[in-house]
Amino acid sequence: MRSLPEKPLFVAAAAAALVAGALVVSSFVRAGDRALLCSSLFSSSSSSPSSSSFSSELAEVLLHYATSTAVPQQSRAEIRISFDVLRRRRPCNFLVFGLGRDSLMWSAFNAGGTTVFLEEDPKWFESVTKSSPNLRAHSVRYRTRLIEADDLIKSYRSEPSCLPPAAAPLKNNHRCPLALADLPSEIFDREWDLIMIDAPKGYYNEAPGRMAAIFSAAVMARSRRGVGETDIFLHDVNRKVEMMYAMEFLCKKHLVGGSGRLWHFRIPPVRGNETTTSSSGEQSFC
């Protein structure tokens, strides 16, 4: 989700802008989607606050990507999966791990709802929020390192506070090293309908890795009190850690779709004292 260096050639810049504009509008969508966007963006008869907000934010996004050389890092097919769910569930509560080139797009797609971004890199956080001050975002810290991923997944069962149902609530669960226990209050105060995991960094040993984000998203989904399931989108599943932690905490049985490097899980809440046990009789997320 980070910005790439700008290409020096005008042709490359123009091509990127065209690709970005098409990505946001027509490249995503078929005839039915164009009708949706056109009616939302150009209709002057709509008095719905949600429709008005959607029109305004979408117009801002179109302007941004049409004049920018930076395009979203996910592919068209990957973005389309989340886009379709957002279109169905908007306005909703949408939590995004990561802040970057696609943040304005996700926020606009959920116009009228609440979209919050969590970013671990302070300098990148400052850069993005300075250029896009209307984004709702928090700078957060992680307690894990990618190099610890294998040990954490082998040892988490020995800590009761990492196992259901004791893993919830996440807030102040400092005993479990995978729990994001110190997130901003609004993250704990809301129930999230959609969660996108495209951060933190997970491509070198000292990076935080996405272990805690995946674990915590699973706990949030399982402890949901409201009606409905939680849609979770995990990017970069071609990498070992993302795939391993997805199968352990998000569960193969909840995998409902995917494309390229993105998987889509739909996780139902776990009611009351319900627990899941593994074949060995231990408490389990799956």
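As named in an unreviewed UniProt entry, the chain is Glucuronoxylan 4-O-methyltransferase 1, taken from Cocos nucifera. The Subcellular location (unreviewed entry) comment attached to the chain in UniProt states, word for word, "Golgi apparatus membrane".

> Hey, could you run me through the overall build of the chain in this one?
Within the chain, the regular secondary structure consists of ten helices and nine strands. Across the 286 residues in the chain, those meeting the buried criterion constitute 50%. Expressed as a percentage of contacts within the chain between residues at least 6 apart in sequence, the contacts between residues at least 24 apart total 68%. Summing over all exposed atoms, the chain offers an accessible surface of approximately 13,600 Å²; the carbon and sulfur share of this is 54%.

> Can you walk me through the pairing of strand β7 (residues 262-267) in this structure?
Two faces belong to every sheet, and in a regular strand the side chains alternate between them. The element β7 is largely enclosed, with a buried count of five among its six residues. One ladder, built from six bridges, connects strand β5 (residues 230-235) with β7; its direction is antiparallel. By the bridge assignment, F233 is partnered in β7 with H264. Here strand β6 (residues 255-259) runs beside β7; their pairing, made up of four bridges, is antiparallel. Paired with L255 across the bridge in β7 is F265.

> Explanation requested: the pattern of salt bridges in the structure shown.
As a working rule, side chains carrying opposite charge can pair if their charged atoms are close by. One pass over the structure, following the stated rule, counts 23 salt bridges. The residue R87 makes a salt bridge to D84 at a minimum N-O spacing of 3.8 Å. A residue pair is termed a helical-turn pair when its members lie 3 or 4 positions apart in one helix, as R87 and D84 do in helix α4 (residues 76-89) at three residues. Linking R190 and E186 is a salt bridge whose minimum nitrogen-to-oxygen distance equals 3.8 Å.

> Even after reading the chapter, I still don't get unusual backbone geometry, so can you show me in this structure?
Excluding glycine, a negative phi dihedral is what most residues carry, and trans is how most peptide bonds are arranged. Cis geometry marks the peptide bond from R90 to P91; its omega dihedral reads -5°. Along the chain, P91 falls in the loop between α4 and β1 (93-97). Phi angles above zero are rare outside glycine, and D236 is one such case at about 70°. Structurally, D236 can be placed in the loop between β5 and α10 (240-250). Note on D236: relative accessible area 5%, which makes it buried. The backbone phi angle of C251 is positive, close to 80°, even though this residue is not glycine. When you line up the elements, C251 lands in the loop between α10 and β6. What makes C251 buried here is its relative accessible area of 1%.

> Any chance you could explain the nonpolar core here in plain terms?
Core analysis: the biggest nonpolar cluster contains 47 residues, and F215 and Y245 have the highest contact counts within it. If you list the elements that add at least two residues to this core, you get β1, β2 (114-119), α7 (149-155), β4 (194-197), α9 (211-222), β5, α10 and β7. The biggest single contributor to this core is α9, with ten residues. For F215, the residues in contact, after removing those within four places along its chain, are C162, A167, L170, C176, L178, A179, F249 and F285. Core analysis: the next-biggest nonpolar cluster, separate from the first, contains 25 residues, F83, L86, L99 and F117 among them.

> Before we go on, may I ask you to explain the packing of aromatic side chains in this structure?
Each aromatic ring pair is specified by the distance between its two centres and by the angle formed by the two planes. Taken as a whole and judged by the stated rule, the model has ten aromatic pairs. Judged by centre distance (5.4 Å) and plane angle (65°), the ring pair of Y203 and Y204 falls under edge-to-face. Chaining the aromatic ring pairs together yields one cluster made of Y156, F215, Y245, F249 and F285.

Cut-offs and rules
- Residues numbered from 1 in each chain as written.
- Predicted model: local features only at pLDDT ≥ 70, side-chain atom pairs only at ≥ 80, totals over all residues.
- Heavy atoms only, no water.
- UniProt positions renumbered as here; feature names shortened; annotations may be inferred.
- Helix = DSSP H or I, 4+ residues; strand = E, 2+ residues; numbered from the N terminus.
- Buried < 20%, exposed > 50% of the residue type's maximum accessible area, 1.4 Å probe, protein only.
- Contact = heavy atoms within 4.5 Å.
- Areas by Shrake-Rupley, 256 points an atom, 1.4 Å probe, with all protein chains shown as cover.
- Pairing = 2+ DSSP bridges.
- Salt bridge = Lys/Arg side-chain N within 4 Å of Asp/Glu carboxyl O.
- Core = buried A, V, L, I, M, F, W, Y, C linked by side-chain atoms within 4.5 Å.
- Phe/Tyr/Trp six-rings, centres within 6.5 Å; stacked < 30°, edge-to-face > 60°.

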